[in-house]
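# Structural features, examined
Listed here are the chains, written in short residue letters.
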Amino acid sequence: MNGWRLAALVATVLPVLLGACAEDPLSLGSEKAPGAGVETRDVTISVSELSTWRDTTLTGFARPSTARFVYVSAGADASSRGLARFNVPDTIRTFVDTLPVAKFEEVAFELRFDTARSEFTDFPITVKLVELGERFEPHRATWQEAAAGVPWTEPGGSLGVEIASAVLEAATDTLVMTPTVAEDSLMKAWQREDGGNGLAIVLEGPDASLRITQMVLRYDPTLVGRTLPVPQFQFWDDHAFILDPPQPPAGTELRLGGLPASRIYFEFVPPRLVGEAELEGATVSQAEVILHPLTAPERWAAERTIEARKVSLLGDPFEIGEKTPIGSGDLTTTTLDPERLREGEPVRLDITFLMARAVRDSLKRIRLGFRADPDAQALGYWEFGSAESPSALRPQIRIVFSSAPDFTVP
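A short tour of the structure in this document, coming up. (Residues numbered from 1 in each chain as written. Predicted model: local features only at pLDDT ≥ 70, side-chain atom pairs only at ≥ 80, totals over all residues. Heavy atoms only, no water.)

## Let's talk about the overall build of the protein
If you tally the helices and strands in the protein, you get five helices and 28 strands. For the protein, the proportion of its 410 residues judged to be buried stands at 46%. Taking as baseline every contact in the protein between residues at least 6 positions apart, the subset at least 24 positions apart corresponds to 81%. In the form shown here, the protein has an accessible surface area of approximately 20,800 Å², with 51% of it arising from carbon and sulfur atoms. (Helix = DSSP H or I, 4+ residues; strand = E, 2+ residues; numbered from the N terminus. Buried < 20%, exposed > 50% of the residue type's maximum accessible area, 1.4 Å probe, protein only. Contact = heavy atoms within 4.5 Å. Areas by Shrake-Rupley, 256 points an atom, 1.4 Å probe, with all protein chains shown as cover.)

Listed below in structure tokens is the structure:
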């Protein structure tokens, strides 16, 4: 091809190509490119704007009998007594055989305290172990009843013979108490009667509250046919504590913690529109449920931090109740600080993953639980506003999202 013809062809085609590139809506930087101008929105809405929102408090996940501690107090506004029982065995196993017990000697009770959560207001404090007049049932005992339908002779546990006592002169983590009754007779009575009625742990002296983490019965039994005793250590078989006044039942407020343990459950379907923006199919970069704390309960407010965890729910909690199966939970916990709760600082629960999954293809229902982890870690609790609360205290949902772009090509 002649050189002048090639030059003419280039001169003709090049302006056409340059013009096509300038008008191509898919070109980099074009204001008409699909997705250009998509706005990221940060929206917070009240759950009252969601017709699908439901929330509730479910209780009974732990009782004083399943708590990791026994709470004993002698306060002016609240009293609590510990209950315990030891079922002493008939026989003792040694390295070579198992033999019946002939005699019990050197009996002692060892109480171990949680000093960080016990309140030693003043000293001395007298701790007593007193025989109970009725046999208590650990899962059913209350200040009024020893078991379901069986009232105490006196509210708070009918107290009989004093078994042992000791005086606390200063804060300590351990207290050893020796029986004031015939040791062998006491142990054999517990042996015959499967622990008998049990005993109460009571306080005398100034206002105080003690958290007993463990109670150990130490004794040296002499076995039939032997002359040397075989030292034994036995933890309580049954334990619980009773409160006066008891914790009030849960209401419409959302309660977390306490005994019996309470959990917060809620469910909702994300809305199709948030304001004027389409949420279905959007890209969610952040989402959270915001809970607003109420004022501290009159009694049994959480005195220390509560570690809590979000869990997914595998069923409808409003139909299944406490037996609702739970799925995976957060690897990290949320710390509820009573001081910040008193100041009204909201608690924020990250639900980004759940929200993103719910809006990705279609608007799926989100079910979530919020529980102390572990349950029964504390006697106190805190409450939050629910859908029935005044508008300023209702839960909120915050979503940071970008609506799906419009890929219509002009």
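Next, the rest of the story.
## Thoughts on the side chain of Glu110
The topology assignment puts Glu110 in strand 6 (residues 98-113). A distance of 2.7 Å separates polar atoms of two side chains, one belonging to Glu110 and the other to Arg112. A polar atom in the side chain of Glu110 sits 2.6 Å from the side chain of Arg218. Those residues in contact with Glu110 that lie beyond four places of it in its chain are Thr174, Leu175, Val176, Gln214, Met215, Val216 and Arg218. (Polar contact = N/O pair within 3.5 Å; in protein donor to acceptor, adjacent residues only side chain to side chain.)

## Observations regarding helix 5 (residues 352-360)
An α-helix turns once every 3.6 residues. As a result, residues three or four positions apart point the same way. Of the residues making up helix 5, those classed as buried are Thr352, Leu354, Met355, Ala356, Ala358 and Val359. Buried residues along helix 5 sit against strand 18 (262-268), strand 21 (283-291), strand 25 (347-350), strand 26 (366-372) and strand 28 (396-402).

## Description of the nonpolar core
In terms of nonpolar packing, the biggest core is built from 51 residues, with Phe109, Leu111, Trp190 and Met215 touching the most fellow members. For Trp190, the residues in contact, after removing those within four places along its chain, are Phe86, Asn87, Val88, Phe109, Ile163, Gly195, Gly196, Leu199 and Leu217. Leu256, Leu336, Phe370 and Ile397 belong to the second largest nonpolar core, which has 40 residues in total. (Core = buried A, V, L, I, M, F, W, Y, C linked by side-chain atoms within 4.5 Å.)

## Comments concerning helix 2 (residues 183-192)
Taken as a whole, helix 2 has its buried residues at Leu186, Met187, Ala189, Trp190 and Gln191. Looking at the buried residues of helix 2, the elements they touch are strand 6, strand 11 (159-168), strand 13 (199-204) and strand 14 (208-223). Backbone geometry just downstream of helix 2 places Asp194 in the positive-phi region, at approximately 55°.

## Let's talk about a negative patch on the surface
A cluster of like negative charges, contributed by Asp90, Glu131, Glu193 and Asp194, occupies part of the molecular surface. Turning to its location among the elements, Asp90 is positioned in the loop between strand 4 (79-85) and strand 5 (91-93). (Patch = residues over 30% accessible without salt bridge, like charges linked within 9 Å, V, L, I, M, F, W, Y side chains within 5 Å. Salt bridge = Lys/Arg side-chain N within 4 Å of Asp/Glu carboxyl O. Lys, Arg positive; Asp, Glu negative; His and termini not counted. Charge placed at Lys NZ, Arg CZ, Asp CG, Glu CD.)

## Quick notes on the pattern of salt bridges
As enumerated under the stated definition, the model contains 26 salt bridges in all. A salt bridge links Arg263 to Asp375; the nearest nitrogen and oxygen atoms lie 2.6 Å apart. Of this pair, Arg263 sits in strand 18 while Asp375 sits in the loop between strand 26 and strand 27 (381-384), placing them 112 residues apart in sequence. For the pair shown, Arg263 and Asp375 are each scored as buried.

## Comments concerning the environment of Pro221
Relative to the helices and strands, Pro221 resides in strand 14. Relative accessible area serves as the criterion here: at 0%, Pro221 is assigned to the buried category. Distance in space between the C-alpha atoms of Pro221 and Asp184 is 9.2 Å, their sequence separation being 37 residues. What Pro221 contacts, discounting residues up to four positions off in sequence, is Ile92, Val101, Lys103, Phe104, Pro229, Val230 and Gln232.

## Things to note about the packing of aromatic side chains
Each aromatic ring pair is specified by the distance between its two centres and by the angle formed by the two planes. Applying the stated criterion across every chain, the model contains eleven aromatic pairs. With a centroid separation of 6.3 Å and 50° between ring planes, the pair formed by Phe86 and Phe109 is classed as tilted. In this pair, Phe86 sits in the loop between strand 4 and strand 5 while Phe109 sits in strand 6, placing the two residues 23 residues apart along the sequence. On the basis of relative accessibility, which here comes to 1%, the residue Phe86 falls in the buried class. Here a set of aromatic residues connected by ring pairs shows up, and it is made of Phe69, Tyr71, Phe241 and Trp300. One cation-aromatic arrangement involves Arg255 over Tyr381; the distance from NZ or CZ to the ring centre is 4.0 Å. (Phe/Tyr/Trp six-rings, centres within 6.5 Å; stacked < 30°, edge-to-face > 60°. Lys NZ or Arg CZ within 6 Å of the ring centre and 35° of its normal.)

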